[in-house]
Amino acid sequence: MSGFPEFIYRNDELFIESVPLKQIAEKFGTPCYVYSRNALTQAYQEFDSAFADRNHLICYAVKANSNIAILNLLARLGSGFDIVSGGELQRVIRAGGDPHKTVFSGVGKTIDEMKMALDIGILCFNVESEAELVALNHVANSMGKIAPVSLRVNPDVDAKTHPYISTGLKENKFGVPSDEAMRIYQSAHAYPHVRFSGLDCHIGSQLTELTPFMQASNKLLDLLNTVQSAGLTITHLDLGGGLGIRYRNESPPSIKEYVSALCASTQSVSQRLLIEPGRSLIGNAGILLTRVGYLKHTPARNFAIVDAAMNDLMRPALYDAYHDILPVIKDMQATTNYQIVGPVCETGDFLGHDRNLHLAQGDLLAVMSAGAYGMSMSSNYNTRPRAAEVMVDGSITHLIRRRETTEQLIGSECLLP
Ligand SMILES: *Cc1c(COP(=O)(O)O)cnc(C)c1O
């Protein structure tokens, strides 16, 4: 057992669906992100069916993993999208996603991004400040359009997650405080080129308890009451994303428990429910496959230097995040305590600390739970071309992103005359 449903040991060899990971490493090289189509499909369908008959829209948070094959797969399943840039909007369109199912979040939308989104005709702008609202009203006017808007409310609840991914506290940069949101909705007439169609919040990521979600949804319902009595027609409530996954020993609520709780807490209202899950859809559907380059034994520690690094998977360096690291070929020999590190010139360049493994040069390792905020956060630090991405579907492998070339990295730079 690997503990991850689509990643299974058969005769001590790790498979993804019906494909040995070793075969993927041989065919596509390492480092390589590998995703299970089945795991992603199942997670989406769990969300969708948990809503049962409730009028709802699942807007996948594109930033979690923005590969167009993944967006396309979700679009085919009926998913909408939550974007945070014009670039992500272009990805959604390229992937065949429906702009009418797309919401646009983020604190710093530019005028050009607003124009693009208005032109394409998205479902809603999740507006995060009064200044942004003023700008959007102006842009919509200049285009002769009405911009659909939901204010992102900062409900001031503690998501009890890592401070870097906590977004719903009053000291965070996201959203507007409830009383200010109320004031803005009440002065809706000041924004004639905007239609206030929703209410929105997103309190953070990797939440492992339901309580903060319930607190946020209650705050949104309070606000909904007041906003409606002010005469506005609110057609949807967007409860954001943030459901956590199991990386190690966390026990987050299941998708079904989470969605059921959201439905229950909003059962008194008839508005369409939107959610914006990212990590909980793709996180445990993907791994980072890497090969051991060198073993290095020092008096203080043992290092396994692998060909993936912090530029490929930033979460350990950025959040001190834990990822399980599994051998692709298991054996029963005595283990050694290793620091699993990459080739990048930073002490923060590690994938895992103190892992007990039996390793030899050339061995393959699977860094688990790497589907979300892995590839999408990768960089070219140390002039390292980004990894390839592969999607497995049963016994078939599809290359969904070619490994980057050094020429692609250097090609857009120019020498001085
Ligand atoms: C990042 C983000 C999400 C997705 O969060 P997950 O924890 O990956 O589910 C949803 N909505 C907004 C506004 C976000 O910024």
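Look up: the structure comes first, before these words.
Below: a short report on this structure. All values derive from a computational prediction rather than experimental measurement.

Topic: the overall build of the chain
(1) Moving on: Check the secondary structure of the chain and you find 12 helices and 21 strands.
(2) Moving on: For the chain, the C-alpha radius of gyration of 23 Å lies close to 22 Å, the compact-globule estimate for 417 residues.
(3) Moving on: Projecting the C-alpha coordinates of the chain onto the three principal axes gives extents of approximately 70 × 60 × 40 Å.
(4) Moving on: Nonlocal contacts in the chain, meaning residues at least 24 apart in sequence, comprise 69% of its contacts between residues at least 6 apart.
(5) Moving on: When the accessible surface of the chain is split by element, carbon and sulfur atoms take 50% of a total near 17,800 Å².
(6) Moving on: On the chain, the mean spot of the 36 positive side-chain charges and the mean spot of the 43 negative ones are 3 Å from each other.

Regarding the site of the ligand
(1) Moving on: Taken together, 14 residues are adjacent to the ligand, and Lys63, Ser205, Glu276, Arg279 and Tyr373 come closest.
(2) Moving on: Take histidine 202: an N or O atom from its side chain is 3.5 Å from a nitrogen atom of the ligand.
(3) Moving on: At a separation of 2.8 Å, an oxygen atom of the ligand approaches a polar backbone atom of arginine 279.
(4) Moving on: Starting from 390 Å² of accessible surface for the ligand in isolation, the protein chains cover 94%.
(5) Moving on: Of the residues in the shell around the ligand, the class split is three nonpolar, six polar and five charged.

Remarks on the environment of threonine 208
(1) Moving on: In this structure, threonine 208 sits in the loop between strand 11 (194–200) and helix 8 (211–229).
(2) Moving on: With relative accessibility at 28%, the residue threonine 208 sits in the partly exposed group.
(3) Moving on: Distance from threonine 208 to valine 269, taken between C-alpha atoms, is 26 Å for residues 61 residues apart in sequence.
(4) Moving on: Residues in contact with threonine 208, not counting those within four places in the same chain, are Glu250, Ser251, Pro252 and Pro253.

Structural notes on the pattern of salt bridges
(1) Moving on: All chains considered together, the criterion is met by nine salt bridges.
(2) Moving on: Linking lysine 109 and glutamate 132 is a salt bridge whose minimum nitrogen-to-oxygen distance equals 2.6 Å. Of this pair, lysine 109 sits in the loop between strand 7 (102–104) and helix 5 (111–120) while glutamate 132 sits in helix 6 (residues 130–143), placing them 23 residues apart in sequence.
(3) Moving on: In this structure lysine 109 comes out as buried when scored by relative accessible area, which is 8%.
(4) Moving on: In this structure glutamate 132 comes out as buried when scored by relative accessible area, which is 5%.
(5) Moving on: Through salt bridges that share partners, Glu130, Glu180 and Arg183 make up one connected network.

Focus: the packing of aromatic side chains
Aromatic ring pairs are described here by two measures, namely the spacing of the ring centres and the angle between the planes.
(1) Moving on: For the coordinates displayed, the defined rule picks out seven aromatic pairs.
(2) Moving on: Both rings, one in tyrosine 164 and one in tyrosine 319, keep their centres 6.4 Å apart while their planes meet at 65°; by these two values the pair is edge-to-face. Of this pair, tyrosine 164 sits in the loop between strand 9 (147–154) and strand 10 (176–177) while tyrosine 319 sits in helix 11 (residues 315–319), and the two are 155 residues apart along the sequence.
(3) Moving on: Judged by its relative accessible area of 59%, tyrosine 164 is exposed.
(4) Moving on: Ring centres of phenylalanine 213 and tyrosine 258 lie 4.8 Å apart, and the angle between their planes is 65°; this geometry places the pair in the edge-to-face category. A residue pair is termed long-range when its members are at least 10 positions apart, and phenylalanine 213 in helix 8 and tyrosine 258 in helix 9 (residues 255–265) qualify at 45 residues.
(5) Moving on: A relative accessible area of 1% means that tyrosine 258 is categorised as buried.
(6) Moving on: If you follow lysine 109 out to its NZ or CZ, it ends over the ring of phenylalanine 104, 5.6 Å from the centre.
(7) Moving on: It is arginine 248 that lies over the ring of tyrosine 322; its NZ or CZ is 4.0 Å from the centre.

Notes on the environment of valine 34
(1) Moving on: Structurally, valine 34 can be placed in strand 4 (residues 32–36).
(2) Moving on: The buried category is assigned to valine 34, whose relative accessible area is 0%.
(3) Moving on: Setting aside residues up to four positions removed in sequence, valine 34 forms contacts with Ile16, Leu21, Ile24, Ala285, Gly286, Ile287, Leu289, Val390 and Val392.

Rules and cut-offs
Residues numbered from 1 in each chain as written. Predicted model: local features only at pLDDT ≥ 70, side-chain atom pairs only at ≥ 80, totals over all residues. Heavy atoms only, no water. Helix = DSSP H or I, 4+ residues; strand = E, 2+ residues; numbered from the N terminus. Rg over C-alpha atoms; globule rule 2.2 N^0.38 Å. Contact = heavy atoms within 4.5 Å. Areas by Shrake-Rupley, 256 points an atom, 1.4 Å probe, with all protein chains shown as cover. Lys, Arg positive; Asp, Glu negative; His and termini not counted. Charge placed at Lys NZ, Arg CZ, Asp CG, Glu CD. Near = heavy atom within 4 Å. Polar contact = N/O pair within 3.5 Å; in protein donor to acceptor, adjacent residues only side chain to side chain. Nonpolar A, V, L, I, M, F, W, Y, C, P; charged D, E, K, R; others polar. Buried < 20%, exposed > 50% of the residue type's maximum accessible area, 1.4 Å probe, protein only. Salt bridge = Lys/Arg side-chain N within 4 Å of Asp/Glu carboxyl O. Phe/Tyr/Trp six-rings, centres within 6.5 Å; stacked < 30°, edge-to-face > 60°. Lys NZ or Arg CZ within 6 Å of the ring centre and 35° of its normal.

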